[in-house]
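Close look at the chain arrangement
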Amino acid sequence: MSIEQVNAFYDFLMSEQAIYEQYYNQCCIRGFFGICDWDKAKIVNFANNFGYSFNENELEAVLFGSDTLAHEYTINSSESQQLSDGDRNLSKSVVRVNG
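Attention here is on the structure that accompanies the text. As the structure is a prediction and not an experimental result, all values here were calculated from the model.

In this structure, F9, Y10, L13, Y23, W38, I43 and F54 are the most contacted members of the largest nonpolar core, which totals 21 residues. Only α1 (3-15), α2 (17-27), β2 (36-39), α3 (40-48) and α4 (56-64) provide two or more residues apiece to this core.

Given below as structure tokens:
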């Protein structure tokens, strides 16, 4: 199973602000009240572009698995610059995935 690939992808994603911005712009579908609805297929394809190999079920297992395998990531102004459009200076990300 590629659970390790999912975790490695999110480690990579959080280490590179420019990559995170691309991820955000390509995989987030803005919903009501500006909340992101994350498209699993787009996330899998985006990760594949960087050499990570996992499927939607493995992604979902990490994000929503009962074993709490997912990492919690924090982006704050002391660790990285504020993202370009200003409304994404996050102290905690809430992920909602569409399938």
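That covers the picture; the talk isn't over yet.
This brings us to the packing of aromatic side chains. Here a ring pair, both rings aromatic, is described through the centre-centre distance and the interplanar angle of the planes. Per the stated rule, a full pass over the model turns up 15 aromatic pairs. Relative to F50, the ring of F46 lies with its centre 5.2 Å away and its plane at 55°, an arrangement referred to as tilted. Taking the relative accessible area as the measure of exposure, F50 reaches 31% and is therefore partly exposed. Following the ring pairs from residue to residue traces out a cluster consisting of F9, Y10, F12, Y20, Y23, Y24, W38, F46, F50, Y52 and F54.

Its place among the elements puts V6 in helix α1. Along the sequence, V6 and S53 sit 47 residues apart, while their C-alpha atoms lie 7.9 Å from each other. Those residues within four positions of V6 in sequence are excluded, and the remaining contacts are F54, E58, L59 and V62.

What counts, and at which threshold
- Residues numbered from 1 in each chain as written.
- Predicted model: local features only at pLDDT ≥ 70, side-chain atom pairs only at ≥ 80, totals over all residues.
- Heavy atoms only, no water.
- Core = buried A, V, L, I, M, F, W, Y, C linked by side-chain atoms within 4.5 Å.
- Buried < 20%, exposed > 50% of the residue type's maximum accessible area, 1.4 Å probe, protein only.
- Helix = DSSP H or I, 4+ residues; strand = E, 2+ residues; numbered from the N terminus.
- Phe/Tyr/Trp six-rings, centres within 6.5 Å; stacked < 30°, edge-to-face > 60°.
- Contact = heavy atoms within 4.5 Å.

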